[in-house]
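Reading the structure
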Amino acid sequence: MVLNPQRYLTQLATFLNVPVKNIKVNETLICTCTVGNNTVKGIINIIISLLMESKSSLWSTDPLEKAEIQQWLEYGIVYAVHIDESQNLKGILSDLNDILAIKTYLVSYKLTVADVLLYYILLNAVASMSYLDKQKYMNVSRWFDNLQQESCVRQNNQIVDFSTNYLTSSTQSKY
Amino acid sequence: MAAGTLYTYPDNFRAAKALIAAQYAKANVKVAPNFVFGETNKSKEFLKKFPGGKVPAFESNDGKYLQDSNAIAYFVANEQLRGRNEYDTAQILQWIGFAEGEVLPAACAWVFPVLGIIKNSAGAQEAFQRAKDDLRVALTVLNSHLLTHTYLVGERITLADIVMACNLLNPYKYTLEPDYRKPFANVNRWFTTLINQPEVKAVLGDVVLCSAALSAPPQEGKGKKKEEKKEKKQPQPKKETPKKEKEPEEELDAADAALAAEPKSRDPFDLMPKGTFNMDDFKRCYSNEDESKSIPYFWEKFDPENYSIWYGEYKYPEELSKVFMSCNLITGMFQRLDKMRKHAFASVCLFGEDNNSTISGIWVWRGQDLAFPLSPDWQIDYESYNWKKLDPNTDETKKLVGDYFSWTGTDKDGRKFNQGKIFK
Ligand SMILES: N[C@@H](CCC(=O)N[C@@H](CS)C(=O)NCC(=O)O)C(=O)O
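Residues numbered from 1 in each chain as written. Chains lettered and ligands numbered in written order. Predicted model: local features only at pLDDT ≥ 70, side-chain atom pairs only at ≥ 80, totals over all residues. Heavy atoms only, no water.

- If you look chain B up in an unreviewed UniProt entry, it shows as Elongation factor 1-gamma from Exocentrus adspersus.

- If you look chain A up in an unreviewed UniProt entry, it shows as GST C-terminal domain-containing protein from Exocentrus adspersus.

**Some details on the UniProt feature "domain: GST N-terminal" (unreviewed entry) in chain B**
- According to UniProt, the "domain: GST N-terminal" (unreviewed entry) feature falls on residues 2-84 of chain B.
- Segment residues 2-84 of chain B splits into 37% helix and 17% strand. End C-alpha atoms: 19 Å apart. (UniProt positions renumbered as here; feature names shortened; annotations may be inferred. Helix = DSSP H or I, 4+ residues; strand = E, 2+ residues; numbered from the N terminus.)

**With respect to the packing of aromatic side chains**
- Tallied over the entire structure, the rule returns 50 aromatic pairs over all chains.
- A ring pair is formed by Y311 of chain B and Y404 of chain B, whose centres lie 6.2 Å apart and whose planes are at 75 degrees; its orientation type is edge-to-face. Of this pair, Y311 of chain B sits in strand β5 (residues 307-314) while Y404 of chain B sits in helix α17 (residues 395-405); the two residues are 93 residues apart in sequence, bridging distant segments of the chain.
- Its relative accessible area of 12% is what places Y311 of chain B among the buried residues.
- Look at Y314 of chain B and Y385 of chain B: their rings are 5.2 Å apart centre to centre, the planes differ by 65 degrees, and that puts the pair in the edge-to-face class. In this pair, Y314 of chain B sits in strand β5 while Y385 of chain B sits in strand β8 (residues 385-390), placing the two residues 71 residues apart along the sequence. Across the pair, Y385 of chain B and Y314 of chain B agree in class, each one buried.
- In this structure an aromatic cluster arises from ring pairing among W310, Y314, Y316, F334, W363, W365, F372, Y382, Y385, W387 and F423 of chain B.
- Over the aromatic face of Y109 of chain A sits the side chain of K103 of chain A, whose NZ or CZ is 5.9 Å from the ring centroid.
- Over the face of the ring belonging to W299 of chain B we find K398 of chain B, whose NZ or CZ atom lies 4.8 Å from the ring centre. (Phe/Tyr/Trp six-rings, centres within 6.5 Å; stacked < 30°, edge-to-face > 60°. Buried < 20%, exposed > 50% of the residue type's maximum accessible area, 1.4 Å probe, protein only. Lys NZ or Arg CZ within 6 Å of the ring centre and 35° of its normal.)

**Considering the site of the ligand**
Residues and elements named next belong to chain B.
- Every residue close to the ligand is listed here: Y9, R14, F37, K42, K54, V55, P56, D68 and S69.
- Between the ligand and D68, the relevant distance is 3.0 Å, taken from a nitrogen atom to a side-chain nitrogen or oxygen of the residue.
- Considered on its own, the ligand offers 510 Å² of accessible surface; in the complex 75% of this is hidden by protein. (Near = heavy atom within 4 Å. Polar contact = N/O pair within 3.5 Å; in protein donor to acceptor, adjacent residues only side chain to side chain. Areas by Shrake-Rupley, 256 points an atom, 1.4 Å probe, with all protein chains shown as cover.)

**Details of the pattern of salt bridges**
Residue and element names in this part refer to chain B.
- Counted by the stated rule, this structure contains 15 salt bridges over all chains.
- Here K412 and E313 are joined by a salt bridge, their closest N and O atoms 2.4 Å apart. Separated by 99 residues along the polypeptide, K412 in the loop between α17 and β9 (417-423) and E313 in strand β5 bring together distant segments of the chain.
- According to the relative accessible area criterion, E313 is buried, its value standing at 19%.
- Residue R415 pairs with D413 through a salt bridge whose shortest N-O separation is 3.2 Å. (Salt bridge = Lys/Arg side-chain N within 4 Å of Asp/Glu carboxyl O.)

Right under this line is the structure:
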């Protein structure tokens, strides 16, 4: 199974406060939708036009940062969308956990669309993680918890419980 | 909002707390000009306002006086920095207490002898050894807190972070060498995030983390003072950074304006002479025939007057981890350049394997200049590549074109061809 782009694109559009209409996925799995007055084809292109339209600070003006953000968007829509298949879950969580061991956000030192998109894509998977896994992928947990505290990012999604007391007390024995 | 004057000597990490808080709150806090440490703050006039005679000291425009860096920072801060509720504020005070009581004494005892600020006596030497251990204890506490928290209090930047980071500033700059700080990955992550916030950078400039610990000079240590001075010069680029950030924004606006103004359908290549090279015929030949035929065909028909050949190389190969990500980067770019297809052709190749790969390609299009600036639709990706125009008459170009069109050869460092994508 692949996550339907409809949900995460709509959430991202709401967060960016840009109206999108007619999100469709055709037989060849190409996604199209209407942003403003334009029809846009391809998920990454849709995301980029949303960013342009919103003039949001979630994008970047630095070429290297832009490139890194794009790489994460690709990672999100090509790879992370398969997180509901159990054989992929571990790989995705440990990829992210490794990166987030030394980083607060995925790109640069600020919140970008890379974090927000991944948050929407991973939402259900993280919500159904066991405490043991939340502890095992502690850096992902910390990153996710930080994102969901921002109410405009979280929107109406449930707050995932990380019960940090429980987590810290059980990790302290490890450290 | 608080506005006023801060008395301090330059590059004082305590004064930085107040100046950073003022950046977040957009409070108008000026540093007193002509301040001379040891003179100004010992003058009668100063002591009347600030009996302690210490700096930083703050005088608000409406005649309020404050001493102590943390109190000043609190006064000039905003709601976000002071905490959203009483419990958050209490936790902020708790961490400020920790920063002053546990972190700073150890930090000073270690850093000051190294910088030659205090003389390195036998007593200092002993304190110096103890300081390293004390700081390790404090950092361990911080490290486990920051494993589960992005920032110290309330999942956002507060005064607690600012005060803690400023108290750790000199250790990070001068004494916490890579081996010492390695076990504190979460503190390092948090500290690097903070010093790279625009509000913090505006005050501290670029902070360079210590690469090898300076050790305390045996006696007086004048030499080290010079080194300190050198390092202090580093904040200079800070004046230029905001400007740089502005320019691309303006460019973007210009591009957006052009996008809005221009009728969507116009093909910028239509304005250029057609020449004799028929792109469609070549593409048909390339698709249907073996490269042993299509490459000679290309050279036979190529019209150097009206078309140009370019080499484009992805600038950030270190960032490419997974091969599948790289391939998507190429196909994504092709998709975004859709409207360029009619008068352009490219073969872009990925060399190497996971975690060690590069992307480069050979492009052909109508006209003699870089094509991407012609349309705002084409500008998403091209900045991520270095572009070099090739001279069609050299053997070098002939070889490059042959290699890329036939998907053979290696990149310039000898990485093997992995996958190729054709833009046609
Ligand atoms: N707790 C105070 C300490 C201030 C302090 O010790 N300032 C030193 C310079 S960093 C000073 O002014 N010393 C002069 C003196 O003691 O006469 C703060 O954080 O502001």
